[in-house]
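Tertiary structure, described
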Amino acid sequence: MAESAPPKLQTQIEIKPPQEKEPRTQEQEHRRAPFFKSRGRRRRSDTWIISVFVILHVVAFITTMAVNDCWKNSHGDCAFKALGRLSFQPLSENPLLGPSASALDEMGALRQTFLEGNRHNWRLFTCPWLHAGFIHLVINLGSIVFVGIHLEKEFGPLRIGIIYTLSAFVGSLIAALFVRDTPAVGASGALFGLLGAMLSGLIRNWNFYTDKFAAIVLLVFVSAINFAIGLLPYVDNFSSIGGFISGMLLGFTLLFTPRTRIVAHSKAGLFEYSVKSSMNFKLKLDRPIMRSASLLLFVLVILGCLVAVFRGININRHCKWCKYVDCVPSKRWSCNDITTNCETMMSNSQLTMTCMSNGNFRVFSYTNISQPRMKDLCTLLCS
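Per chain, residues are indexed from 1 in the order of the written sequence. Given that the model is predicted, a residue must reach a pLDDT of at least 70 before its local features are reported, and side-chain atom pairs must reach 80 or more before they are shown or counted; all residues, however, enter totals for whole chains, interfaces and linings. Side-chain numbers come from the whole structure's heavy atoms, not from hydrogens or water.

An unreviewed UniProt entry annotates the chain as Rhomboid-like protein of Melia azedarach.

1. Some thoughts on the state of the cysteines
When two cysteine sulfur atoms lie within 2.5 Å, the pair is treated as a disulfide. Evaluation of the coordinates by the stated rule reveals four disulfides. Here Cys-70 connects covalently by a disulfide to Cys-78, the sulfurs 2.1 Å from one another. The sign of the S-S torsion, about -110 degrees, decides the handedness of the disulfide formed by Cys-70 and Cys-78: left-handed. Each member of the pair Cys-70 and Cys-78 is classed as buried. Here Cys-342 is linked by a disulfide to Cys-378, with a sulfur-sulfur distance of 1.9 Å. Residues Cys-342 and Cys-378 share a disulfide whose torsion about the S-S bond is about 95 degrees; that sign makes it right-handed. Of the two residues, Cys-342 sits in strand β3 (residues 342-347) while Cys-378 sits in helix α15 (residues 371-382), which places them 36 residues apart along the sequence. Buried residues are those whose accessible area, probed at 1.4 Å on protein chains only, stays under 20% of the maximum for their type, while exposed residues exceed 50% and partly exposed ones sit between those limits. Under the DSSP-based scheme used, a helix requires at least four consecutive residues in state H or I and a strand at least two consecutive residues in state E, with every element numbered from the N terminus.

2. Here we look at the sheet that holds strand β5 (residues 361-364)
With antiparallel pairing, the three strands of this open sheet are ordered in space as β3-β4-β5. A strand with exactly one partner marks an edge of an open sheet, and here the two such strands are β3 and β5. With strand direction ignored, the average angle separating the axes of adjacent strands in the sheet is 15 degrees. Both β3 and strand β4 (residues 350-355) contribute to a ladder of six bridges, which runs antiparallel. Of the residues in β4, the one forming a bridge with Cys-342 is Cys-355. Packing of α15 onto the sheet brings it into contact with β3, β4 and β5, and relative to β4 it is tilted by some 50 degrees. Two strands pair if DSSP finds at least two bridges between them. Between N-to-C directions, angles span 0 to 180 degrees; the directions come from axes that are lines fitted to C-alpha atoms, helices contributing only their stretch in contact. Any pair of residues with heavy atoms lying within 4.5 Å of one another is described as a contacting pair.

In structure tokens, the structure reads:
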């Protein structure tokens, strides 16, 4: 008798039709992004302009200290003497660890007597590259690197280079309107231009960023430190104010940021360069009215400042308190314009210098002092 076959098992598999995914809403498509985290990396060739500016500033400072040559011109009365020719002037002369006033004048600092009659207008282009001292250099360049590199990664070297250069120049023009008869350098104008551009970029894309209040705190902190440095001698705070205004206007003009799409959560920048930019013509015309108005205001500012500078207008003559924005008086230095007049006497290889206005005098054990250096010493005695 044949054995019966085992019963076959029947399995029913239910195949459901694929469900259509719900379309993403506009809010999900354009998510908000962090302000500080870097979401992507660009090639090094795309982030070079800030490095070039930093190198130029460092070269200019080293050149200034070499021209200053404290070891020779001040006969060894220097701070950090181990640096030799690059030694700093005494703290009583320059609290920022830097050169003498005459060295800054020689390198192209702003001073009222040099700008009278439009004789040395070339100083408008040289003073933004000078620093009053090593402390000023480190704080200024540190801030430029921190802010500038992030902005350059987001918006590219061309636009950031334009903002940096024009802000430095506008800062020089504003400084020239308030300049006194003491050397002034405006290296902070370019930095404050970047800070102004950073603020304008934050304002224009306010709803796009998540940690915007932390960004504002950082901006205020960096601005406050550099503005406080500007209250010391030789550093011009009015150039910082002019640079900030210029940077904001240029930021509204140039730093348009089209809406972007998130591509990877693991990628991370100061201005969300985590994204693929779908840049069509419509997005490139982002807020054309604001951009046009900002550009017009910038042109009016720079033209108005140029006219005022070439006409020799000095706002300090009409504003008694403006000088305190640029320098805070102290027992260690003077913030006032000083008409120096000193009497010199030489005897037994010694030089005695006496200030005619207050009677202060000092005896030097050498007589070979250059005329610019004698003017520095006379200013110190009369202050």
